[in-house]
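The primary structure of each chain is shown beneath.
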Amino acid sequence: PFFLKFFSNGMKESDQTNPTIRITDSEENAFMELLSYMYSGKLTTAEPTRLLDILMAADKFEVLSCMRHCSQLLISLPMTTESALLYIDHPCSVSMVNEVRPLIDASKEFLANKYKDFYEFKSELMNISLAGIEAIFSSTDIQVETEDDVYYFMLDWARARYVELEERRKILSSRLLPLVRFSHMTCMTLQEILASTDNDIDREQVTHRIAEALLPKAYPKQLEGALAAEVTTCSRFAERAYEYKPVKLVAFDQPCPQIIVYLDLTRDECSQLFPSGRICPHPFRLLGWGFYLMATCEMDEQSKLCSFGLWLGVAKNMKGSSCFMVDYEFAARKRSSGKFVRKLEGKISTTDETHGCSDLFGIPWSTFIANDNLFINGVLHLRADLRVLLGQPKLQA
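Here the structure is a predicted model, which is why all the values come from computation and not from measurement.

> How should I be thinking about the environment of Ile260 in this particular structure?
One can find Ile260 in strand 5 (residues 258-266). In sequence terms Ile260 and Val250 are ten residues apart; their C-alpha atoms lie 5.1 Å from each other. Once residues lying within four places of it in the same chain are set aside, the contact partners of Ile260 are Lys248, Leu249, Val250, Phe252, Arg383, Ala384 and Asp385.

Shown next as structure tokens:
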């Protein structure tokens, strides 16, 4: 089998009766190593660049056992960004790809782990190849504040690497935007994308992807079997390690502007708050103003006991938005009734900073974290209801 490719090459495609093997000067060393391996089953080098050359020669002449051997050796050697990018960019023939799949997978895993902290390596990522970007952003473990940052990075990267508009649109549509997990983007950014006239993106494709992402959220029980399974298993629906927790929103215009925010926190996420941590979910917008929720663990100075807190804050406003008062209510779902029970209500002005409570449930932290009436199947379900108070004088911000 080793020599089959050699001695059939040139005979099937022509009238040659004597086999001829043509190689370039740069292939000579690798070809000689390949011949040696075919007789001895061994290679005389462990240098990564030469092993890759031998791998390419083995691929060309379909010496499968040598391809597997080179892959195993390369995986065992220390990997660098440069070598990992070489391996995943290696132009392997489709029929031979399974022989180098372990090497490609190991290279992608190396890149995903190295560039896990998006903000630390953001400038360096601008110089990574397309295949490297796909490997890194296919990972669920990459640490970003929100999925919005992934979307805008893809645009920046494509604009820096592809000057021609048509080529840039093609790369974004076929290679980059499929990596963006639209189902976990903030509502504010999704609205901005839908209203955008950016020529770099395919409007129809992006609108379809956003609709595809939001459909399972709007009608989770109505999904058909195949689509429901895809939402459960497909990576583009998986939640990454976000700094800002995604929320679910329901907005109303009538009879008054109102937005209802649903925040789900696992028991493990709450446990990590102790003794003085906080979780910041996605911000959201009401009449042009940005608002946000914040879950905290805080210690009472007198009793020295920690408790669970929930806060509502005003982030920023769009230019020209008027100031107004908001009626808000915090509620938590109880296992015993299956209903949301009001825990706090109050008023906040857009000129304020934060309102809320450092002890939402009126119980110590140890009691809260062990309360199975609050943690339904290990999840704490919170709701914030914000309503704009009507009939108030408008102040220009």
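> So what exactly am I meant to see when it comes to the packing of aromatic side chains here?
Each aromatic ring pair is described using two quantities: the centre-to-centre distance and the angle formed by the ring planes. For the coordinates displayed, the defined rule picks out 19 aromatic pairs. Aromatic pair Phe284 and Phe291: ring centres 6.3 Å apart, planes at 15 degrees, arrangement stacked. In terms of burial, Phe284 and Phe291 fall into one category: buried.

> Help me understand the nonpolar core in this model?
Considering soluble globular proteins, one finds that nonpolar side chains tend to be buried as a cluster. With 65 residues, the main nonpolar core has Leu125, Phe137, Tyr151, Met154, Leu176 and Phe182 as its most contacted residues. Looking at this core, the element that brings in the most residues is helix 9 (residues 147-161), giving seven residues. Each of two domains, domain 1 (1-114) and domain 2 (121-235), supplies a minimum of three residues to this core. Excluding its chain neighbours within four sequence positions, the residues that come into contact with Tyr151 are Leu177, Val180, Phe182, Met185, Ile193 and Ile201. With 41 residues, the next largest nonpolar core counts Phe308, Phe361, Trp365 and Leu374 among its residues.

> Looking at this model, I keep getting lost on unusual backbone geometry. Mind explaining?
With glycine set apart, most residues show a phi of negative sign, and most peptide bonds adopt trans. For the peptide bond that leads from Gln254 to Pro255, omega is 0 degrees, which places it in the cis range. Here the bond from Phe274 into Pro275 is cis, since omega is 10 degrees, no more than 30 degrees from zero. Here Pro275 shows up in the loop between helix 14 (267-271) and strand 6 (278-281). Phi at Leu287 takes a positive value of approximately 50 degrees, unusual for a residue other than glycine.

Scoring rules and cut-offs
- Residues numbered from 1 in each chain as written.
- Predicted model: local features only at pLDDT ≥ 70, side-chain atom pairs only at ≥ 80, totals over all residues.
- Heavy atoms only, no water.
- Helix = DSSP H or I, 4+ residues; strand = E, 2+ residues; numbered from the N terminus.
- Contact = heavy atoms within 4.5 Å.
- Phe/Tyr/Trp six-rings, centres within 6.5 Å; stacked < 30°, edge-to-face > 60°.
- Buried < 20%, exposed > 50% of the residue type's maximum accessible area, 1.4 Å probe, protein only.
- Core = buried A, V, L, I, M, F, W, Y, C linked by side-chain atoms within 4.5 Å.
- Domains from an automatic or database assignment.

Keep in mind that these numbers describe shape and distance, not what the molecule does.
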